[in-house]
Amino acid sequence: MTESDDTGAQELGHGHLLRPANPERVRFLAGAGDAQLVVAIGRYLPEALAEVYRRHAGAVYGLACRVVGNRSDAEDLSQEIFVRLWNQPDRFDPARGSLRTFLLTETHSRSVELVRSRAARVQREERDARLDSADGHDLDREISDFIVAHQVTDALTRLPEEERRALELAYYHGHTYREVASLLDQPEGTVKSRIRSGLTRLRRSLTESGVSGR
Amino acid sequence: MTIPSEHREVEELLGAYAIHALGDGERVVVERHLETCSTCRREVDAHFEIAAALALGQAVDAPPPGLWDRIVVALPPDGTAAPRADGTRPTVPGPLRGWRSPRRVAAVGVAAAAVATICVLAVSLAGTDQQLSQARQDLRSPVAAFRHALAVPGHRTAMLRTSTGTDVAEIVVDPGGRGYLLASRMPVLAQGRTFQLWAVVHGRPISIGLFGNHPAAIAFDLGSASATTLAVTVEPAGGTQTPTSPLLASGTL
């Protein structure tokens, strides 16, 4: 970069300088794979973080909204996920899965932590009370409102009822499997096994329909 | 070594672990087990992927306006990364081939679909033997090793490019001949096929290694070979002594 590249730069209140994105770099990154993007983030190239944001921010924010149940916390959490990727890109190992899987796993983990925190507990209990007072179809409808990808919906509905219930309560509502066992009045060991077998069955189903896989 | 009874107990917890449905006590037990059990790591990685598919199955709205701006403002103001817990900063790798070295910090908040316009501070790369050693030792994460190698003075890079001009992988080789490849657009091969990397020395291809049918990041040893050209072919699993198929991609160090 030359000094002339900084033409038009302007000062922000927090000390950053503005300048146009590097078009060559943007074009390159638009076609880059996960590993290349993360290496570029490791080299402090902000266009790489922007490309990751462009590809995955909707899913990250959507999942956070779904689990934590309000937009404000979901925004905080989404911000945290991308800033952490900027600060610690080497936490992502492409040999273990896609960047999308990595980001959504992090998002889910942090969302669940938040839901389990004291501040969120009351809200969750109120929400569960509403769920518990409804029949099983209400949960189906609530889930289906959010699940628009046909194959995922299809795969979920084809799971045995017990597996699907256990997965939904744990994944979308942030309960531990012990809490799920208590909510469903079932043995803990049974719920533990159903979560595992449900995931395995979903994998088979989604692989067949081409959803799974990097 | 993992005790079989422990393996069986932990195995039952892997699904719940992958969707963050364990209490702290059991989570710690699983994580300790995962450090030594590759079978369970593979299962957990598969569960993570399915959990992500569940997340992606939900309605995905555009993130709210202003979220990107909030992220930009939260980045360290000097354009680098926040210090780690021990106070050190992550190693700063060198520029990718063909890109200009970033020299100034800048940041900007733009609309969600637009691209960021921050540029970053130049960081002088102090090459040390320690960095080289770190790059070599950090094989647990090839991406991290790739980054470390980029920071070593005297490293060489190559972009593997198809005859139609598509970049499929990037390579960095440290001065000691240790190389790392990051795949970006390598196709997924059928079972029974593998990618094979070749170095062209004095006009003849020398096999550098096999890297499976769906590589993401790998390490290899170029040794003292005076190669300036690297190439990839698709071969039967197990590899061949000389290329049996046309070059998929090649690049110059």
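Our structure's up above, just so we're on the same page.
I will try to describe carefully the structure that is included in this document. (Residues numbered from 1 in each chain as written. Chains lettered and ligands numbered in written order. Predicted model: local features only at pLDDT ≥ 70, side-chain atom pairs only at ≥ 80, totals over all residues.)

Let us now look at the overall build of chain B. Of the regular secondary structure elements, chain B holds six helices and eight strands. Going from the N terminus to the C terminus, chain B shows its helices and strands as α-α-α-α-α-α-β-β-β-β-β-β-β-β. Scored against the burial criterion, the 253 residues of chain B give a buried share of 42%. (Helix = DSSP H or I, 4+ residues; strand = E, 2+ residues; numbered from the N terminus. Buried ≥ 20, exposed ≤ 12 C-beta atoms within 10 Å, placed from the backbone.)

The next point concerns the nonpolar core. In terms of nonpolar packing, the biggest core is built from 113 residues, with A170(A) and I195(A) touching the most fellow members. In terms of residues, this core owes the most to one element, helix 3 (residues 46-68) of chain A, which gives 14 residues. Excluding residues within four positions of it along the chain, I195(A) makes contact with A166(A), L167(A), A170(A), Y177(A), G15(B), A16(B), I19(B) and A21(B). (Core = buried A, V, L, I, M, F, W, Y, C linked by C-beta atoms within 7 Å. Contact = placed C-beta atoms within 7 Å.)

Turning to the pairing of strand 7 (residues 229-236) of chain B, a few remarks are in order. All names here are of chain B. Across eight bridges, strand 4 (residues 193-201) lies against strand 7 in antiparallel orientation. Bridging across to strand 7, W198 finds its partner in A231. Here strand 7 pairs with strand 8 (residues 249-252) via four bridges, running antiparallel. Among the inter-strand pairings, V232 is bridged to a residue of strand 8, identified as A249. (Pairing = 2+ DSSP bridges.)

In this structure, Y44(A) is a non-glycine residue whose phi angle is positive, near 65°. Following the sequence through the fold, Y44(A) ends up in the loop between helix 2 (34-42) and helix 3. The phi dihedral of H20(B) is positive, around 55°, even though this residue is not glycine. With respect to the helices and strands, the residue H20(B) is situated in the loop between helix 1 (4-18) and helix 2 (24-34).

Moving on: the pairing of strand 3 (residues 178-183) of chain B. Residue and element names in this part refer to chain B. In terms of residue burial, strand 3 counts as a mostly covered element, since six of its six residues are buried. As paired elements, strand 2 (residues 167-173) and strand 3 share five bridges and run antiparallel to each other. The partner of I171 across the bridge, within strand 3, is L181. In textbook terms, the turn of a hairpin is the stretch between consecutive antiparallel strands, and for strand 2 and strand 3 this stretch comprises four residues, one of which, G177, has a positive phi near 95°. Where strand 3 meets strand 6 (residues 217-221), five bridges bridge the pair, whose relative direction is antiparallel. The residue of strand 6 that forms the bridge with R178 is D221.

All names here are of chain A. Relative to each other, helix 3 and helix 4 (residues 71-87) sit at 140°, their axes nearing to 9 Å. Handedness of the helix 3/helix 4 crossing: right-handed. Only R71, D73, A74, L77, S78, I81, F82, L85 and W86 of helix 4 make contact with helix 3, whose side of the interface consists of L49, V52, Y53, A57, V60, Y61, A64, C65 and V68. Residue composition of the contact of helix 3 with helix 4, by class: 15 nonpolar, one polar and two charged. (Axes fitted to C-alpha atoms, helices over the stretch in contact; angles between N-to-C directions. Left-handed = near helix turned anticlockwise from the far one by under 90°. Nonpolar A, V, L, I, M, F, W, Y, C, P; charged D, E, K, R; others polar.)

With that out of the way, let us pick up helix 10 (residues 177-184) of chain A. Structural remark: α-helix, 3.6 residues per turn; residues separated by three or four positions point the same way. Residues and elements named next belong to chain A. Listed in full, the buried residues belonging to helix 10 are Y177, V180 and A181. Buried residues of helix 10 fall within an arc of 100° about the axis and therefore sit on the same side. A positive phi of about 55° marks D185, the residue just after helix 10. (Arc of directions from axis to C-beta.)

On to the packing of helix 4 of chain A against helix 5 (residues 99-116) of chain A. All names here are of chain A. Orientation of helix 4 relative to helix 5, taken along the N-to-C sense of each, is 135°, at an axis distance of 10 Å. The angle between the axes of helix 4 and helix 5 places the two elements in the oblique class. In terms of crossing hand, the pair formed by helix 4 and helix 5 is right-handed. Note on element contacts: helix 5 touches helix 4 through L103, E106, T107, R110, S111 and L114, opposite D73, L77, E80 and I81. Looking at the contact of helix 4 with helix 5 residue by residue, the classes come out as four nonpolar, two polar and four charged. (Parallel < 35°, antiparallel > 145°, perpendicular 65-115°, else oblique.)

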